Amino acid sequence: MLAHRMVIGLGLWCCAAAGGAQTTDMSGASLRISGFGTLGLTHANAPAGWGYRRDIAQPANDGGTRGDVDSRLGVQFNYAPTPQFELVAQLVATRRSRYAPSSDAIEWAFAAYRPQPSVAVRVGRLNIDSFLLADYRNVGFAYRFARPPVDFYGSLPFSLDGIDVAKDFQFEDGRWRLKGFAGRSSSGDLSADSRVVVKPVYGVTVSRESNGLTLRAGMAYAGLATRAPALDPLVDALGAMSAVPVPDVAAQARAFHSRLDNSGKFTRYMSLGMGYETPDWLWTLELTRVNGSGTSGFTAGYAGVGRRFGAVTVFGGVSRISTSGLPVVAPDWATALTPVLGPAAAAQAQVLASSAAYAINGSGANQQTVSLGLRWDFQPQMSLKLQWDRIRTDAYGGRLWSNSTLASGHANVTSVVLDFVF
């Protein structure tokens, strides 16, 4: 079943403004209903068995031609009983992993209050407003790409259950916004496991808008409250191995344990973004650096450009994500432990060492993408997109794919996408 979610922000505003949303005036109160959707067909010519995904929350697939990578349908409700108070809900239907809770269909659900025109307070399920597309990543009509660049957005958390407070400042050179937020979130690869609880989450974002130029910088801290359940047996076994009376093996086991068990640790997100739009040109650039313990750190970024020719936009882009410190080589525990534990137990310990190295190496995302495409706005509320992506995945870098191996690979992904708002 699908649940509700509330929304305020650019994504919903885009749907209402561009889509001709219906508004009902109820003696001073207003209710606005709007929606958006995408019908997409994607063909991935990739290594055998690898499944292309737009983000790691999507379920595993077996590659080939698919209609469930980008297809989605969303509806939004904005109810304003007074000019200062608003309730916003957004519900998105799409194919989800069996590990995803039904509440994932609620994209946003919050109450917004404006005590002053320049101050906004939101409480509920929100977006983490540190990235340029955070407000409207599901609204394909709002951006030129077939989907948000996967190398950048594919592994980032988006939703926040909590509160944010924004203050606007108007200067002659443009509008500035300072926003602080706090709450809890979730993350994890839902193709093979349930998600990890991320709490507390808190951070700040500063943005500036003027004459078509948007600049944004953000910093956030996220505490990892749990680890992926699939790692529990491995982490517990490494904890026991750290007590063996062989100092080198015990130290290596503790190092593996620390790298795989992220629970109780913090991750820091730093981000920079720039968007510039003129009547003919569109430029976008975003960078993020994630510093964290264990397997949670990476660097990612993308740059894109588009050129309008009437109703047609030609666009291109490059993106990359990189995880450092890989590969990890499994140490030789069997030789060191055989005199102490015997051949059978030492062999089991060697399997544990190999499994730990494999789990760490499998957590890496190391790939780069070149994209080219066309967007045709053939109706005021509809656009048709054609996009080609050339993806090179390095060894130990296939985390963004489902069913990937530790080997390197190349892929060509062709997408045809129909976006609409109503």
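Just above, that's the structure.
Presented here is an overview of the structure given in this document. Note that residues are indexed from 1 along each chain, following the sequence as it is written. Totals for whole chains, interfaces and linings use all residues, but because this is a predicted model, local features are given only for residues with pLDDT of at least 70 and pairs of side-chain atoms are given and counted only at 80 or more. Only hydrogens and water are removed before side-chain values are computed, so all heavy atoms of the structure are retained for them.

### Here we look at the packing of aromatic side chains
- Pairing of aromatic rings covers Phe, Tyr and the six-membered ring of Trp, with a centre-to-centre limit of 6.5 Å; geometry is then stacked below 30 degrees between planes, edge-to-face above 60, and tilted otherwise. Enumeration over the complete set of coordinates arrives at 17 aromatic pairs.
- Arranged with centres 5.8 Å apart and planes meeting at 80°, the rings of Phe 131 and Phe 152 form a pair that is edge-to-face. Taken together, the residues Phe 131 in the loop between β7 (119–127) and α2 (150–153) and Phe 152 in helix α2 connect sequence positions 21 residues apart.
- Where Trp 376 meets Phe 378, the ring centres are 5.3 Å apart and the plane angle is 50°; that geometry is what we call tilted.
- Classification of residues uses two cut-offs on accessible area relative to the type maximum, computed with a 1.4 Å probe and protein chains only: under 20% is buried, over 50% is exposed, and between them is partly exposed. For Trp 376, a relative accessible area of 45% corresponds to the partly exposed category.
- Ring-over charges, as used throughout, are those where CZ of Arg or NZ of Lys falls within 6 Å of the ring centre and within 35 degrees of the ring normal. Cation over ring: Arg 137 sits above Phe 158, and NZ or CZ is 3.9 Å from the ring centre. Strands here mean DSSP runs of E at least two residues long; helices mean DSSP runs of H or I at least four residues long; both are numbered from the N terminus.

### A closer look at unusual backbone geometry
- Put simply, Lys 199 and Pro 200 share a cis peptide bond, and its omega is -10°.
- When you line up the elements, Pro 200 lands in strand β10 (residues 196–210).
- Its identity is not glycine, yet Tyr 396 carries a phi of approximately 60°, on the positive side.
- Within the fold, Tyr 396 resides in strand β17 (residues 382–398).
- Of note, the phi angle at Asn 403 is positive, near 60°, even though the residue is not glycine.
- Summarising the element assignment, Asn 403 is placed in the loop between β17 and β18 (409–421).

### Describing the layout of surface pockets
- Volume-wise, the second largest pocket comes out at about 1,100 Å³.
- Lining the second largest pocket we find 48 residues, and of these Asp 189, Ala 228, Gly 362, Ser 363 and Arg 399 sit closest to its centre.
- Partitioning the lining of the second largest pocket into residue classes produces 21 nonpolar, 22 polar and 5 charged. Both site types are read off a 1 Å grid over the protein atoms alone. A 1.4 Å probe that fits but cannot get out defines a cavity, while an open set with protein on both sides within 12 Å along at least five of seven lines defines a pocket; lining residues have an atom within 4 Å of a point. Grid points are joined across faces, edges and corners, and a volume is the space filled by probe spheres set on the points. Three categories are distinguished: nonpolar for Ala, Val, Leu, Ile, Met, Phe, Trp, Tyr, Cys and Pro, charged for Asp, Glu, Lys and Arg, and polar for the others, with Gly belonging to the last.

### Considering the packing of helix α4 (residues 247–260) against helix α6 (residues 343–361)
- Where α4 contacts α6, the axes come no closer than 10 Å and their chain directions differ by 35°. Like other packed secondary-structure pairs, α4 and α6 cross with a definite hand, here left-handed. Contacts from Phe 256, Arg 259 and Leu 260 of α4 reach α6 at Ala 353, Ala 356, Ala 357, Ala 359 and Ile 360.
- For the contact of α4 with α6, a count of residues per class yields 7 nonpolar, no polar and 1 charged. All axes are obtained by fitting lines to C-alpha atoms, using only the stretch in contact for helices, and the reported angles, taken between N-to-C directions, cover 0 to 180 degrees. Take the far helix as the reference: if the near one is turned anticlockwise from it by less than a right angle, the crossing is left-handed, and if turned clockwise, right-handed. We call two residues contacting when some pair of their heavy atoms lies within 4.5 Å.

### Concerning the environment of Val 92
- Secondary-structure assignment places Val 92 in strand β5 (residues 85–93).
- The exposure class of Val 92 is buried, given its relative accessible area of 0%.
- Note: C-alpha distance between Val 92 and Arg 72 (20 residues apart in sequence) is 6.8 Å.
- Ignoring sequence-local partners within four residues, the contact set of Val 92 consists of Phe 36, Arg 72, Leu 73, Gly 74, Ala 105, Glu 107 and Asn 138.

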